[in-house]
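# Residue-level structural notes
Given next are the chains, with one letter for each unit.
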Amino acid sequence: MAPGIADKKNNNLPLWGNEKTMNLNNLILTNILSSHYFKVNLYQLKTYHEVIDEIYYKVTHLEPWEKGSRKTAGQTGMCGGVRGVGAGGIVSTAFCILYKLFTLKLTRKQVVGLINHGDSPYIRCLGFMYIRYTQPPADLWDWYEPYLEDDEEVDVKAGTGQVMTIGEMLRHFLSKLEWFSTLFPRIPVPIQKDLEMKLTEWRARNKTVDVPQEVVATEEEAVGNHWEEESHSRKSSAHSESKSRGAESRKSGKDARVRDDVSEEIVREKDRQRRERDRHEKSSKHSHRHHSSSKRHKHSSHRGRSRSPGHVDPRSSKHRTRSKSPVERSRIRTRSRSPNDYAHRHSSRRTKSRSPSDKKSENTWFKEAYEHGWNRYMWLGNNKDWFLGIKKSGAMKKGHRTKKGQNAVKFVPRAPEAPNN
């Protein structure tokens with residue numbers, strides 16, 4: 001038992017942080033409270049001993065999410081796996097039971113019973129995790145220090161394949177915030193510095209070297225690789241100590257392996273960043289090409305809609321044809337297939353056909369202008385800039401709704417006419 005912690009006369013445990021959420025990640029807590037397992041199965045368990053039996057039979061790993069239930073590939077920054085933003089999953093049995101223990105308001109004696117239980121390492125691990133989430137950071141060293149050399153092994157990864165000792169897990173709890181795809185409560189900086197100093201002194205006292213690794217909290221695989229390499233380094237160092245001739249050669253060998261592991265980790269991280277950058281550039285080029293093709297399609301469809309009467313055979317089309325005035329080439333009149341039926345812009349803003357009696361009316365004349373490869377026709381009946389325009393539906397556009405730069409008033413230039421004999 002932990003001296004100074006388990007032997008305190010007060011059996012009530014203090015609670016550090018949020019008294020309702022147990023300092024859990026919001027996404028994990030939401031999934032716990034909404035899960036059928038927590039609301040139905042765990043609700044029936046009323047005592048501390050019933051929950052311990054449930055841990056013994058049901059808990060097989062210590063991750064917050066079940067294997068394959070949460071996709072974090074391609075997410076970066078605040079949307080990655082650490083913060084729990086944007087992608088949920090099936091919350092694990094271990095974290096559901098951990099929150100169930102929190103609802104029971106465990107006493108000091110019950111927590112000590114958890115971390116010293118002999119039936120299953122998962123019962124002990126959930127006790128240590130309960131301490132990490134609920135106890136004041138200043139008390140963590142007193143809780144964990146007697147167990148830092150504990151060599152009982154436990155598989156912490158969902159789907160198996162990540163074995164570590166309880167001592168290694170507790171050293172990780174004291175020095176790191178990351179735990180697979182979630183975060184432990186933050187430790188104040190002065191207390192964290194004190195913990196690191198105590199860990200350094202403990203390692204020097206026990207001649208234990210932990211291989212330094214960067215745990216990338218946004219990716220579950222990076223955390224797993226950290227523990228794999230730490231476990232591998234521990235076994236390799238034990239093997240080398242049994243065969244080495246002196247302390248200096250053992251230390252130099254360990255330092256070389258540490259440098260090699262760090263170099264390999266840097267190379268892998270650079271390769272990953274390069275692949276992400278290349279994938280981002282390819283996606284940007286693809287979206288640019290798609291945008292350009294959409295613009296070309298829109299432009300071509302506009303050309304197909306705004307056809308010039310000069311390009312349409314009057315014998316096979318119902319569209320009106322335009323003929324130039326013999327008096328002034330910049331003034332034109334729009335005539336239908338009927339020889340005496342002319343289009344005109346009325347003061348009511350609409351374009352209508354004109355009877356032969358009004359043939360010479362000024363309302364039937366339009367001024368033709370060529371600009372940027374298109375023709376436009378401005379009405380000469382008033383001093384306003386009203387143009388001849390055709391909607392997408394084929395109907396004539398009202399004069400007060402036409403403007404110079406609109407696509408509806410642009411027409412393909414007419415073919416040159418044959419001279420009159």
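These numbers come from a predicted model, not from an experiment.

## Some points on the pattern of salt bridges
Opposite charge on two side chains makes pairing possible when the charged atoms of those side chains draw close. Overall, the coordinates contain nine salt bridges when judged by the stated rule. Put simply, Asp194 and Lys198 hold a salt bridge, and the shortest N to O gap is 3.3 Å. One end of the pair is Asp194 and the other is Lys198, both in helix α9 (residues 189-206) and four residues apart, which spans about a single turn. The salt bridge partner of Arg376 is Glu371, with a shortest N-O separation of 2.6 Å.

## Observations concerning the packing of helix α5 (residues 108-115) against helix α6 (residues 121-134)
For any two helices packed against each other, one specifies the crossing angle of their axes together with the interaxial distance. Look at α5 against α6: their axes get within 7 Å of each other, and the N-to-C directions meet at 135°. Classified by the interaxial angle, the pair formed by α5 and α6 is oblique. Here α5 contributes Val111, Leu114 and Ile115 to the contact with α6, which in turn contributes Ile123, Arg124, Gly127, Phe128, Tyr130 and Ile131. Within the contact of α5 with α6, the residues separate by chemical class into seven nonpolar, one polar and one charged.

## Comments concerning α6
Taking 1.5 Å of rise per residue, the 14 residues of α6 would be expected to cover 20 Å, and the 20 Å separating its terminal C-alpha atoms lies within 8% of that figure. Within α6, 14 of the 14 residues are buried, which leaves it mostly tucked inside the rest of the structure. Where α6 begins, the side chain of Ser120 points an oxygen toward the backbone nitrogen of Tyr122, at a separation of 3.2 Å.

## Some remarks on the packing of helix α4 (residues 93-103) against α6
At a closest axis distance of 10 Å, the pairing of α4 and α6 adopts a crossing angle of 60°. The pairing of α4 with α6 is recorded here as oblique in orientation. The interaxial crossing formed by α4 with α6 has right-handed handedness. Every residue of α6 that contacts α4 at Ala94, Phe95, Ile97, Leu98, Leu101 and Phe102 is listed here: Leu126, Met129, Tyr130, Tyr133 and Thr134.

## A look at the nonpolar core
Across soluble globular proteins, nonpolar side chains have a tendency to be buried as a group. Counting residues in hydrophobic clusters, the biggest one holds 61 residues, and the most contacted among them are Leu62, Phe95 and Trp179. The element contributing the most residues to this core is α6, with nine residues. Discounting chain neighbours no more than four positions away, the residues touching Phe95 are Leu24, Ile28, Ile32, Leu62, Glu63, Pro64, Met129, Tyr133, Trp179 and Thr182. Ranked by size, the runner-up nonpolar core spans seven residues in total, among them Ile332, Tyr377, Trp379 and Leu388.

## With respect to unusual backbone geometry
Within the chain, Thr160 stands out as a residue other than glycine whose phi angle is a positive 65°. Note that Thr160 resides in the loop between β1 (153-155) and β2 (163-165). Judged by its relative accessible area of 55%, Thr160 falls in the exposed class. Of note in this structure, Phe180 is not a glycine but carries a positive phi near 50°. By the element assignment, Phe180 lies in the loop between β3 (178-179) and β4 (182-183). A residue is classified by how much of its surface remains accessible, and Phe180, at 0% relative accessible area, is buried.

## Description of the pairing of strand β10 (residues 374-379)
Most of β10 is tucked away, with five of its six residues classed as buried. Linking strand β9 (residues 365-371) to β10, which pair antiparallel, is a turn of two residues; within it His372 sits at a positive phi near 55°.

## Quick look at the pairing of β9
Where β9 lies against β10, six bridges are found, and the strand directions are antiparallel. Each residue of the ladder has a partner; that of Phe366, found in β10, is Trp379.

## Here's the deal with α5
Taken as a whole, α5 has its buried residues at Arg108, Val111, Val112, Leu114 and Ile115. Relative to the axis of α5, the buried residues are bounded by an arc of 155° and lie together on one face. Elements in contact with the buried residues of α5: α3 (48-58), α4, α6 and α7 (140-144).

## Observations concerning the environment of Val409
Tracing the backbone shows Val409 in the segment after β10. The class of Val409 is buried, set by a relative accessible area of 0%. Separated by 35 residues in the primary sequence, Val409 and Trp374 have C-alpha atoms spaced 9.1 Å apart. Excluding residues within four positions of it along the chain, Val409 makes contact with Asn375, Arg376, Phe387, Leu388, Gly389, Thr402, Lys403 and Lys404.

## Some points on the confidence of the model for the chain
On average, residues of the chain score 75 in pLDDT, and 61% of them reach the 70 mark or higher. Within the model, pLDDT remains below 50 along residues 77-86, and this stretch shows 28 contacts once partners closer than five positions in the same chain are excluded. Low confidence marks residues 353-357, where pLDDT is under 50. Its contacts with residues over four positions away, or in another chain, come to 13 contacts.

## Quick look at the packing of aromatic side chains
For the structure shown, the criterion picks out 13 aromatic pairs. Judged by centre distance (5.2 Å) and plane angle (65°), the rings of Phe128 and Tyr147 are edge-to-face. Within this pair, whereas Phe128 is found in helix α6, its partner Tyr147 is found in the loop between α7 and β1, the two being separated by 19 residues in sequence. Note on Phe128: relative accessible area 0%, which makes it buried. Exposure remark for Tyr147: the relative accessible area of 7% places this residue in the buried category. Residues Tyr144 and Phe173 carry aromatic rings whose centres are separated by 6.2 Å and whose planes lie at 50° to one another, so their mutual orientation is tilted. Placement of the pair is Tyr144 in helix α7 and Phe173 in helix α8 (residues 166-175), with a sequence separation of 29 residues. Through a chain of ring-to-ring contacts, three or more aromatic side chains come together here, namely Phe95, Phe128, Tyr133, Tyr144, Tyr147, Phe173, Trp179, Phe180 and Phe184. It is Lys46 that lies over the ring of Tyr43; its NZ or CZ is 4.0 Å from the centre. It is Lys105 that lies over the ring of Phe102; its NZ or CZ is 4.3 Å from the centre.

Cut-offs and rules
- Residues numbered from 1 in each chain as written.
- Predicted model: local features only at pLDDT ≥ 70, side-chain atom pairs only at ≥ 80, totals over all residues.
- Heavy atoms only, no water.
- Salt bridge = Lys/Arg side-chain N within 4 Å of Asp/Glu carboxyl O.
- Helix = DSSP H or I, 4+ residues; strand = E, 2+ residues; numbered from the N terminus.
- Axes fitted to C-alpha atoms, helices over the stretch in contact; angles between N-to-C directions.
- Parallel < 35°, antiparallel > 145°, perpendicular 65-115°, else oblique.
- Contact = heavy atoms within 4.5 Å.
- Nonpolar A, V, L, I, M, F, W, Y, C, P; charged D, E, K, R; others polar.
- Expected span 1.5 Å × (residues − 1).
- Buried < 20%, exposed > 50% of the residue type's maximum accessible area, 1.4 Å probe, protein only.
- Polar contact = N/O pair within 3.5 Å; in protein donor to acceptor, adjacent residues only side chain to side chain.
- Left-handed = near helix turned anticlockwise from the far one by under 90°.
- Core = buried A, V, L, I, M, F, W, Y, C linked by side-chain atoms within 4.5 Å.
- Pairing = 2+ DSSP bridges.
- Arc of directions from axis to C-beta.
- pLDDT = per-residue confidence, 0-100.
- Phe/Tyr/Trp six-rings, centres within 6.5 Å; stacked < 30°, edge-to-face > 60°.
- Lys NZ or Arg CZ within 6 Å of the ring centre and 35° of its normal.

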